[in-house]
Amino acid sequence: MKNDRNRTYLLITIPILALFIIFNTIPLLRGVVYSFTNFRGFGNYEWVGFRNYIDLFTDARVGNSYIFTIKLAIVTTIVVNILSILLALALNSKIRAKGFFRGAYFLPNVLGALVVGYIFNYFFTYLVPALADMAGIGALKTSILASKNTAWIGIVVVCVWQAVAMNTIIYISGLQTVPEDVYEAGSLDGATGWKKFWKLTFPLIVPFFSINMVLCVKNFLMVFDQIMALTKGGPAQSTESISYLIYNNGMKGGQFGFQSANAVMFFIVIVVISVAQMKFSGKKEEQL
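A few points on the structure.

A look at the overall build of the chain
Within the chain one finds 13 helices and zero strands. Order of helices (α) and strands (β) in the chain, N terminus to C terminus: α-α-α-α-α-α-α-α-α-α-α-α-α. Structurally, the chain occupies a C-alpha span of about 75 × 75 × 35 Å along its principal axes. Expressed as a percentage of its 288 residues, the buried residues of the chain come to 36%. Pairs at least 24 apart in sequence give 70% of the contacts found in the chain among residues at least 6 apart. Total accessible area computed for the chain in this model is approximately 17300 Å², and 68% of it derives from carbon and sulfur atoms. Of the side-chain charges in the chain, 23 are positive and 13 negative, and the distance between the mean point of each set is 3 Å.

Here you go:
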């Protein structure tokens, strides 16, 4: 019986492991190899050593993409988690049609990011300026995506609109683990409103907060679909994320080797940030 069970596990695991190696591990290793070459995506190539990695630190376009991506990730993570906590608190309370609202708010997460991006592109380009013209709001008569100063706001709006749903589910799960006895004891001590949330609720959902923070930062650092659908890195490369730059210049710009080095560096940056977040969150959880 035990041998049959082990054989079943192997029959299930080996094909999945093989697919993972073929479609994930091998391309990853090939990308690392190409990062040490001047490969253009086709034809012959030569080994250039660490020249691609050195050039990353002197390329202004790469530097600007890192600055934009990190700024976008920080702002969007903050907005998403604030809205998610508020929405989770509302949906976890005793309100009418709670089941309907829990289903309705999750719809944005079901839709594909590209589809949502193209829909919002239409809104920002045509609908919002038309409504602003009717209302006499001069600042919105032109698309926010057409300005270097405001295009990133449109990307934040779309990212937030889609990401709030999943984060809210995680926070609702956390809120449902908080015992009612805690609130009863807190009410005896006069804990109400903000004090009740900050002193009682939040310390007990810190692990869920930590999960959301790590996932948000990682996902928003890798933002791609929204930029592809909304701005394609414009105007004037002001909204060019790292992922979009790697795709655009690596696949279409003849910089496959150079952008492979950028991808390797970006992978290291994400790992370092994620590990640092988890260690910091772990210390905070121990203190609480």
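Observations regarding the pattern of salt bridges
Applying the stated criterion to the full structure yields two salt bridges. For K141, the salt bridge goes to D133, with nearest N and O atoms at 3.7 Å. Residue classification places D133 among the partly exposed positions, given a relative accessible area of 49%.

Digging into unusual backbone geometry
For the peptide bond that leads from G234 to P235, omega is -5°, which places it in the cis range. As for its placement among the helices and strands, P235 is situated in the loop between α11 (225–230) and α12 (242–252). A positive phi angle, near 55°, is found at A236, a position not held by glycine. With respect to the helices and strands, the residue A236 is situated in the loop between α11 and α12. Despite not being glycine, Q237 has its phi angle at roughly 60°, a positive value. Among the secondary structure elements, Q237 is positioned in the loop between α11 and α12.

Comments concerning the packing of aromatic side chains
One pass over the structure, following the stated rule, counts 20 aromatic pairs. Aromatic pair F120 and F123: ring centres 5.8 Å apart, planes at 75°, arrangement edge-to-face. With F120 and F123 both in helix α6 (residues 113–135), this residue pair falls three residues apart, about one helical turn. F120 gets classed as buried once you look at its relative accessible area, which sits at 13%. On the basis of relative accessible area, F123 is assigned to the partly exposed category, the value being 31%. Among the aromatic residues, ring-to-ring pairing joins F120, Y122, F123, F124, Y126 and W161 into one connected group. Here the guanidinium or amino end of K71 rests over the ring plane of W152, the centre of that ring lying 4.7 Å away.

Thoughts on the layout of surface pockets
The volume enclosed by the largest pocket comes to roughly 750 Å³. Looking at the largest pocket, it is lined by 21 residues, and the ones nearest its centre are L28, I246, Q259, A263 and V264. Taken together, the elements giving at least two residues each to the lining of the largest pocket come down to α1 (2–34), α12 and α13 (256–287). It is α13 that provides the largest number of residues to the lining of the largest pocket, a total of eight residues. Taken together, the residues that form the lining of the largest pocket break down as 15 nonpolar, six polar and no charged.

Here is what the cut-offs are and how they apply
Residues numbered from 1 in each chain as written. Predicted model: local features only at pLDDT ≥ 70, side-chain atom pairs only at ≥ 80, totals over all residues. Heavy atoms only, no water. Helix = DSSP H or I, 4+ residues; strand = E, 2+ residues; numbered from the N terminus. Buried < 20%, exposed > 50% of the residue type's maximum accessible area, 1.4 Å probe, protein only. Contact = heavy atoms within 4.5 Å. Areas by Shrake-Rupley, 256 points an atom, 1.4 Å probe, with all protein chains shown as cover. Lys, Arg positive; Asp, Glu negative; His and termini not counted. Charge placed at Lys NZ, Arg CZ, Asp CG, Glu CD. Salt bridge = Lys/Arg side-chain N within 4 Å of Asp/Glu carboxyl O. Phe/Tyr/Trp six-rings, centres within 6.5 Å; stacked < 30°, edge-to-face > 60°. Lys NZ or Arg CZ within 6 Å of the ring centre and 35° of its normal. 1 Å grid on protein atoms, 1.4 Å probe; cavity = no way out; pocket = protein on both sides within 12 Å on 5 of 7 lines; lining within 4 Å. Points joined across faces, edges and corners; volume = space filled by probe spheres on them. Nonpolar A, V, L, I, M, F, W, Y, C, P; charged D, E, K, R; others polar.

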